[in-house]
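Tertiary structure, described
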Amino acid sequence: MTSPFRDEASSTPPPGCPAHGLGPGGLGADGLGVGGLRRLYGPEAEADPAALYEKLRAEHGEVAPVLLHGDLPAWLILGHSANLTAMRTPSRFSRDSRRWTAFQQGRVTPDSPLMPVIAWQPLCVFADGAEHKRLRGAVTDGLNRFDRRGIRRYITRFADQLIEDFGPSGRAELVAQFAEHLPMLVMTHVVGMPEEYGPRLVEAARDLMKGTETAIASNDYVVATLRRMVERKRVAPGADLVSWLMQHEAGLTDDEVLEHLRVVLLAANETTVNLIADTLKMVLTDRRFRAHLSGGHMTLPDALDQVLWDSAPMSLVAGRWATGDTELGGQQIKAGDMLLLGLAAGNVDPVVRPDLSEPLHGNRAHLAFGGGPHECPGQDMGRAIAETGIDILLTRLPDLRLAVPEDELTWTSAWLSRHLVELPVSFSPRARPAAAATLPPAPPTVVPAMPAAPPVVPSVVPPVAVAFPRQRRSWWSILTGRPRR
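Calculation rules
- Residues numbered from 1 in each chain as written.
- Predicted model: local features only at pLDDT ≥ 70, side-chain atom pairs only at ≥ 80, totals over all residues.
- Heavy atoms only, no water.
- Helix = DSSP H or I, 4+ residues; strand = E, 2+ residues; numbered from the N terminus.
- Buried < 20%, exposed > 50% of the residue type's maximum accessible area, 1.4 Å probe, protein only.
- Contact = heavy atoms within 4.5 Å.
- Phe/Tyr/Trp six-rings, centres within 6.5 Å; stacked < 30°, edge-to-face > 60°.
- Lys NZ or Arg CZ within 6 Å of the ring centre and 35° of its normal.
- Axes fitted to C-alpha atoms, helices over the stretch in contact; angles between N-to-C directions.
- Parallel < 35°, antiparallel > 145°, perpendicular 65-115°, else oblique.
- Left-handed = near helix turned anticlockwise from the far one by under 90°.
- Nonpolar A, V, L, I, M, F, W, Y, C, P; charged D, E, K, R; others polar.
- Polar contact = N/O pair within 3.5 Å; in protein donor to acceptor, adjacent residues only side chain to side chain.
- Pairing = 2+ DSSP bridges.
- Salt bridge = Lys/Arg side-chain N within 4 Å of Asp/Glu carboxyl O.

Its location among the elements puts S315 in the loop between helix 15 (300-310) and strand 6 (317-322). The buried category is assigned to S315, whose relative accessible area is 8%. Sequence separation between S315 and L341 is 26 residues; the distance between their C-alpha atoms is 8.6 Å. Every residue in contact with S315, bar those within four places of it in the chain, is listed here: Y53, L341, G342, L343, A344, L416, S417 and R418.

Time to look at the packing of aromatic side chains. By the definition in use, this model includes three aromatic pairs. Their ring planes at 85° and their centres at 5.2 Å tell us that W100 and F103 sit as a pair that is edge-to-face. Given a relative accessible area of 2%, W100 falls into the buried group. The side chain of R98 reaches across the aromatic face of W120, ending 4.0 Å from its centre. The residue whose ring lies beneath R418 is W411, and the NZ or CZ to ring-centre distance is 4.2 Å.

The next point concerns the packing of helix 15 against helix 17 (residues 378-396). If you want to describe how two helices pack, look at the angle between their axes and the distance between the axes. Closest axis-to-axis distance for the helix 15/helix 17 pair is 10 Å, and the angle between their directions is 120°. Accordingly, the angle class assigned to the pair helix 15 and helix 17 is oblique. For helix 15 against helix 17, the interelement crossing comes out right-handed. Across from L300, P301, L304, D305 and L308 in helix 15, the residues of helix 17 making contact are R383, A386, E387, I390 and D391. Partitioned by chemical class, the residues of the contact of helix 15 with helix 17 number six nonpolar, no polar and four charged.

In this fold, S413 is placed in strand 11 (residues 411-413). Within the structure, S413 has its side chain in polar contact with the backbone oxygen of E46 (distance 3.3 Å).

What follows covers the sheet that holds strand 2 (residues 63-68). Pairing within the open sheet is mixed, and its six strands lie in the order 1-2-3-9-6-4. If you trace the sheet from one side to the other, it starts and ends with strand 1 (38-39) and strand 4 (93-94), each paired once. Bridge count for strand 1 against strand 2 is two bridges, and the pairing is parallel. Directly across from R39, in strand 2, lies its bridge partner L67. Across the sheet, helix 2 (residues 49-60) lies against strand 1, strand 2 and strand 3 (72-77), angled at about 130° from strand 2, the strand it touches most.

Turning next to the pattern of salt bridges. A side chain of one charge can pair with a side chain of the opposite charge if their charged atoms are brought near each other. All chains considered together, the criterion is met by 19 salt bridges. Between R38 and E59 there is a salt bridge, and its shortest N-O distance comes to 2.5 Å. Residue R38 is found in strand 1, and its partner E59 is found in helix 2; the two are separated by 21 residues along the sequence. With a shortest N-O distance of 2.8 Å, R383 and D305 are connected by a salt bridge.

So, on to the sheet that holds strand 10 (residues 401-402). For sheets, the rule is that strands pair by backbone hydrogen bonds, running either parallel or antiparallel. As summarised here, the arrangement of the three strands in space is 5-13-10, forming an open sheet in which the pairing is antiparallel. In the strand order of this sheet, the two ends are held by strand 5 (171-173) and strand 10, each with one partner. With two bridges joining them, strand 10 and strand 13 (residues 424-426) adopt antiparallel strand pairing. Residue pairing in the sheet places R401 in a bridge with S426 of strand 13.

So this is what it looks like as structure tokens:
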């Protein structure tokens, strides 16, 4: 099949091109973009991403041409096998975004909402080969230095704190009052940041990944906050990820330290927020699921696997860039073309899931955490926070139930992910404990001044895929074995 991007610089579309039927501004009656290609952004795309993926699959097969913000062309990989091919062959599909033809032609403006996600940065997710190994090794070594039991205690304690806040009322909104807070509370401890930074970082991180007009300002806020932490830790290091990255034998520069901290926070937060929210939604609305879980026939890890198949925390990952002319899924990919990993679409590929109603307990062949050299071992971190937090919530509030009809639940979508807006619940009021347990002592921390918040911080959206090396048995995987209390 001929690449639809081959003649994109031409002012006259070739005979038979769908662009001939477009109205003023390059828009057709059905909202298609220039050249008749479907957009991955805007109201039509965000209203029902899953339906859009299936339209693209029906029209193009495993790999479909699409348009990103600014009507920049890209390929969306829809097939499970094609996604794995792109993930596992960096010689053909690089992570270095500087290869993108649109960058080289100056077609991506500095204020593009794509920039916080796609612009090359000195970190492992944009590197290949030896440089990729050097940077990932530093991050993994830093994470492996944490005390396993101590981190587990922090996850447990923070979950308890959140439940204690809304427990006496007998009602809660679990997205805003639980899922959106737990991951960042844990991660601020991991990186050595004061806990009070968490709420503002959550809002800014979500906004910058949505691709709104305030994405650049939100990204600047996150970077400014982390830069202050790096400066302070140089003077007063502690037992935290910031200090250990700065001290690692790989010799990371301050910029490399800062960018890896940014990716760790983004990946651990938004993906885990979505995983917690979607799992709780399934527990509360799927009668078979709840019965199996409470009856002991399904473990919580099995439940999370089902959610990772059906509701990947990230719908897609940007991206991969073709190192040369190649073929994928029947499409002719040109050197410098951008490819998007369609995680959600690949997880429902009819080739691997002909019957979507079939349970997939214990099957971890999903694409939710990627694959190949850039597979995200941060998955252990996310699963640990989600499993521990949800287990505690269901144990403390065993009669938890949805407070509104299921069909009233709503989602917001952006080009990278889908986010449950609210999950209202009710339960028997739980009295606040007379005296709260004490957290393990934290190392001394010098608190930097807070940089100014971004001008606008909407309350939605997703994350960047983080890529740390997979361990034979990582320290985060130990957390999943937490006994019930």
